[in-house]
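Each chain, written out:
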Amino acid sequence: MAAAVLLAASAAPAADLIVRTDGTSVWAQRVQAAGEQVSYVPDGGGSEMRIARADVDAIIPAVIRGTQYDTATVSKVLADIDRATGKHGKLRKQLNMLRGEWSALQKDDSGLEKEIAAILEKYERNPADTARFKEARVALSMMQFKDMRGRYRDKIETGLARMLATYTATNMVRLAAMTNLSSMTIGQFRAARKIADDLRAAKVEPGAQASAEAMLTACRTNAWSFNGRRAWDIFQKGKSLQAYLDSAALLHALKTYVAADEPQQQFLEGLLAKLKTAVVKAAPDYSFEFEGYSLSRGDRELL
């Protein structure tokens with residue numbers, strides 16, 4: 001629903017609409033009427049163009065957000081839109097887009113201040129939560145579209161900046177604490193990586209992002225070292241089929257979630273091969289030729 005509102009709001013063009021007497025129209029920038037000519041630049045870009053003023057039925061300006069329009073100006077533009085709509089029914093869609101923005105200027109927006117405060121208050125109850133941060137960001141962006149006059153621009157921008165700073169600080173603290181986990185499990189590393197990924201997606205300050213990446217590297221080192229040793233120890237202590245399966249599962253998890261590059265993945269492939277060689281001796285009744293999976297003598301006969 002929120003995304004739909006944002007898309008609807010962003011669909012309204014920040015361009016003037018030139019309505020020709022023949023019922024056609026053009027979205028335009030830098031429209032100027034001087035003497036018997038109207039000059040403009042097409043909204044899509046290009047060279048300046050001119051049209052005879054006698055061929056222009058109406059020039060409907062776009063709302064410039066943040067501008068304080070007086071009541072008379074708003075009423076005049078809306079009257080021009082109604083007149084053009086009555087004469088040129090085929091342009092109703094374009095004209096209604098402009099009507100929506102100009103009509104919004106007539107609405108009481110005094111309630112926006114309370115809405116903004118409520119959004120920030122809800123977010124600050126759990127400032128480290130990514131879902132709540134995203135929800136609040138979208139909600140404040142919607143407030144920017146509602147704030148046609150720009151009366152609350154500073155309050156919204158300050159709120160967005162404060163939210164990002166709080167979100168960054170709280171999650172940096174969480175990530176820093178995880179760097180102290182020398183016995184870091186695969187699950188803990190995945191949680192640390194999600195924090196770093198979420199900070200990157202939030203477009204935090206470059207310095208904070210660099211610090212987050214450095215802390216994630218420290219977590220990766222801890223997870224790599226601890227689980228690499230643990231995987232081999234599991235098999236060495238048991239030297240059984242189950243010990244092999246547990247050890248191989250841990251090495252595969254390291255390869256999938258922790259390995260930072262191809263050399264690390266190749267190193268783990270080597271450990272898996274070494275593990276398979278060792279288990280063949282420990283469990284001679286089983287074959288491990290089928291992509292490392294264990295097959296009993298009976299299973300092999302069925303293939």
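**Q** Looking at this structure, how should I read the overall build of the protein?
**A** Counting its regular elements, the protein contains eleven helices and seven strands. Residues counted as buried form 36% of the 303 residues belonging to the protein. Look at the contacts in the protein between residues 6 or more apart in sequence, and 59% of them connect residues 24 or more apart. On the protein, roughly 17200 Å² of surface is accessible, and the fraction owed to carbon and sulfur atoms is 54%.

**Q** Hey, could you run me through the confidence of the model for the protein in this one?
**A** Parts of the model with low pLDDT should not have their predicted coordinates read in detail. Taken residue by residue, the protein gives an average pLDDT of 87. The fraction at 70 or more is 88%. Confidence scores differ between elements of the protein, with helix H1 (residues 2-11) showing the lowest mean pLDDT of 40 and helix H7 (residues 186-201) the highest of 97. Confidence over residues 1-12 falls short of pLDDT 50; this stretch has twelve contacts with residues more than four positions distant or in other chains. Note that pLDDT drops below 50 for residues 295-303; the model gives that stretch twelve contacts with residues more than four away or on any other chain.

**Q** Sorry if this is basic, but what is going on with the packing of helix H2 (residues 71-87) against helix H3 (residues 92-104) here?
**A** Angle between the axes and distance between the axes are the two parameters that describe a pair of packed helices. Following both chains from N to C, one finds H2 and H3 inclined at 165°, their axes separated by 10 Å at the closest point. Considered as vectors, H2 and H3 are oriented roughly antiparallel to each other. Seen from above, H2 lies across H3 with left-handed handedness. Facing Val74, Val77, Leu78, Ile81, Asp82, Ala84 and Thr85 of H2, the residues of H3 in contact are Arg92, Leu95, Leu98, Arg99, Trp102 and Ser103. Class assignment of the residues belonging to the contact of H2 with H3 gives a composition of eight nonpolar, two polar and three charged.

**Q** Is there a simple way to think about the nonpolar core in this case?
**A** Looking at soluble globular proteins, one finds that nonpolar side chains tend to be buried together. Of all hydrophobic cores here, the largest spans 49 residues; its most connected members are Leu140 and Leu251. Only helix H4 (112-124), helix H5 (130-146), helix H6 (153-178), H7, helix H8 (206-238), helix H9 (241-258) and helix H10 (262-282) provide two or more residues apiece to this core. Excluding its chain neighbours within four sequence positions, the residues that come into contact with Leu140 are Ile116, Ile119, Leu120, Ile156, Gly159, Leu160 and Met163. Counting 18 residues, the second largest nonpolar core, distinct from the first, contains Ala58, Val63, Val74 and Val77.

**Q** Whenever I open this one, unusual backbone geometry confuses me. Can you help?
**A** Negative phi values dominate among residues other than glycine, just as trans dominates among peptide bonds. Positive phi values are uncommon outside glycine, yet Arg30 reaches one of about 50°. Tracing the backbone through its elements, the reader meets Arg30 in strand S2 (residues 25-34). Despite not being glycine, Lys239 shows a phi value in the positive range, around 45°. Position of Lys239 relative to the elements: it lies in the loop between H8 and H9. Take Lys239: its relative accessible area is 47%, and that puts it in the partly exposed class.

**Q** Before we go on, may I ask you to explain the side chain of Asn171 in this structure?
**A** Tracing the backbone through its elements, the reader meets Asn171 in helix H6. Taking relative accessible area as the criterion, Asn171 reaches 1% and is therefore assigned buried. Polar contacts involving the side chain of Asn171 include one to the main-chain carbonyl oxygen of Tyr167, which spans 3.0 Å. Contact partners of Asn171, with chain neighbours within four places excluded, come to Pro127, Ala128, Ile195 and Leu199.

**Q** Would you explain the pairing of strand S3 (residues 37-42) in this entry?
**A** Within a regular strand, side chains alternate between the sheet's two faces. Within S3, five of the six residues are buried, leaving the element largely enclosed by the surrounding structure. Where S2 meets S3, five bridges bridge the pair, whose relative direction is antiparallel. By the bridge assignment for S3, Ala34 is matched with Gln37. Between S2 and S3, which pair antiparallel one after the other, the connecting turn spans two residues, and Gly35 there sits at a positive phi close to 65°.

**Q** Could you clarify how one ought to interpret the sheet that holds S2 in this entry?
**A** Note: strands within a sheet are paired through backbone hydrogen bonds, in either parallel or antiparallel orientation. Taken together, five strands build an open sheet; the order of strands is S4-S3-S2-S1-S5 and the sheet is antiparallel. Each edge of the open sheet is held by one strand with a lone partner, namely strand S4 (49-52) and strand S5 (56-60). Between one strand axis and the next, the sheet turns through 45° on average, direction left out of account. Across four bridges, strand S1 (residues 16-20) lies against S2 in antiparallel orientation. Pairing of Asp16 across the sheet is with Ala28, part of S2. In the packing of H3 onto the sheet, contacts are made with S1, S2 and S5, and the angle to S1 comes to roughly 145°.

Analysis parameters
- Residues numbered from 1 in each chain as written.
- Predicted model: local features only at pLDDT ≥ 70, side-chain atom pairs only at ≥ 80, totals over all residues.
- Heavy atoms only, no water.
- Helix = DSSP H or I, 4+ residues; strand = E, 2+ residues; numbered from the N terminus.
- Buried < 20%, exposed > 50% of the residue type's maximum accessible area, 1.4 Å probe, protein only.
- Contact = heavy atoms within 4.5 Å.
- Areas by Shrake-Rupley, 256 points an atom, 1.4 Å probe, with all protein chains shown as cover.
- pLDDT = per-residue confidence, 0-100.
- Axes fitted to C-alpha atoms, helices over the stretch in contact; angles between N-to-C directions.
- Parallel < 35°, antiparallel > 145°, perpendicular 65-115°, else oblique.
- Left-handed = near helix turned anticlockwise from the far one by under 90°.
- Nonpolar A, V, L, I, M, F, W, Y, C, P; charged D, E, K, R; others polar.
- Core = buried A, V, L, I, M, F, W, Y, C linked by side-chain atoms within 4.5 Å.
- Polar contact = N/O pair within 3.5 Å; in protein donor to acceptor, adjacent residues only side chain to side chain.
- Pairing = 2+ DSSP bridges.

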